[in-house]
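Residue-level structural notes
The chain contents come next:
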Amino acid sequence: LEGVRADHLPAYGATGPSTPALDALAEDGVVFDHAYAHSPATLPAYTTMLSGRLPFDTAVRDDAGFEARETERMLAERLRDRGFLTGAVVSNYALRRDTGLAQGFAFFDDKWERTDETGVPVAAGTRLRRSADAAEAAAERWLDGKDTWRLFLFLQIDGGQDAAAVTPGEQRETYDAGLERSDRALGKLVRYLK
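Attention in this report is confined to the structure presented alongside it. On a predicted model such as this, the values are computed, not experimentally measured, just so you know.

In this section: the nonpolar core. One finds Leu95, Leu101, Phe105, Phe108, Phe152 and Phe154 to be the most contacted residues of the largest nonpolar core, which totals 17 residues. Looking at this core, the elements with two or more residues in it are α2 (42–51), α4 (75–81) and β5 (151–155). Ranked by residues supplied to this core, first place goes to α2 with three residues. Not counting residues within four places of it along the chain, the set of residues in contact with Phe105 comprises Ala76, Thr86, Gly87, Ala88, Phe152 and Phe154.

This is the structure:
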């Protein structure tokens, strides 16, 4: 989940939204107290995550006007070369196919629609993104019928919602509601995988 703040998660001691799926993952896994993105911008942060190289090295420094070079060796390419089926579902326009992040993915789903924070389609001029439920459903469709467990699924969901259109007093409530929707979608995927 992208855009999730630790100070809103019960796993980090917050008394905020209900996030049972994230709480269960935290209980079963490892919780990092110190994790840092190398860029606050979406595309450079994910390029770094998937390439293992810093924005200075990849030359991807912002969301607009940059793309990962074809010579950049991405995680999906490495896993594909080792026999993994590779699939990606992204929810944010900044991570669309033509940014270079699709390298190595046999399946790359970057379909989205213009939506508000509840996933309802809205007029032009808003941020392009896909709802958490739509992204999770696309991930399930890709996983259906696969006859191997040697899979790599990269699922990017916008965890917190853009609260720019609401008043400052409503921002936390709006953000937390978006986080709860994303958590429900994540929980659905975990149940599907189990």
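Once you've had a look at it, read on.
A few words on the pattern of salt bridges. Two side chains of opposite charge can pair, provided their charged atoms sit close to one another. According to the stated counting rule, one finds nine salt bridges in the structure shown. Arg130 is the salt-bridge partner of Asp109, the closest N and O atoms lying 3.0 Å from each other. With Asp109 in strand β2 (residues 107–109) and Arg130 in the loop between β4 (128–129) and α5 (132–143), the pair connects residues that are 21 residues apart, well separated along the chain. In this structure, Asp109 and Arg130 share a single accessibility class: buried. One connected set of salt bridges, linked through shared partners, spans Arg53, Arg69 and Glu72.

Attention now moves to the packing of aromatic side chains. This structure, assessed with the given rule, holds five aromatic pairs. Summarising the aromatic geometry, the rings of Phe107 and Trp142 are spaced 5.9 Å apart at their centres and angled 15 degrees between planes, so their arrangement reads as stacked. Residue Phe107 is found in strand β2, and its partner Trp142 is found in helix α5; the two are separated by 35 residues along the sequence. Overall, the relative accessible area of 25% leaves Phe107 in the partly exposed class. Overall, the relative accessible area of 7% leaves Trp142 in the buried class. Aromatic rings pair up to connect Tyr46, Phe105, Phe108, Phe152 and Phe154 into one cluster.

About the thresholds
Residues numbered from 1 in each chain as written. Predicted model: local features only at pLDDT ≥ 70, side-chain atom pairs only at ≥ 80, totals over all residues. Heavy atoms only, no water. Core = buried A, V, L, I, M, F, W, Y, C linked by side-chain atoms within 4.5 Å. Buried < 20%, exposed > 50% of the residue type's maximum accessible area, 1.4 Å probe, protein only. Helix = DSSP H or I, 4+ residues; strand = E, 2+ residues; numbered from the N terminus. Contact = heavy atoms within 4.5 Å. Salt bridge = Lys/Arg side-chain N within 4 Å of Asp/Glu carboxyl O. Phe/Tyr/Trp six-rings, centres within 6.5 Å; stacked < 30°, edge-to-face > 60°.

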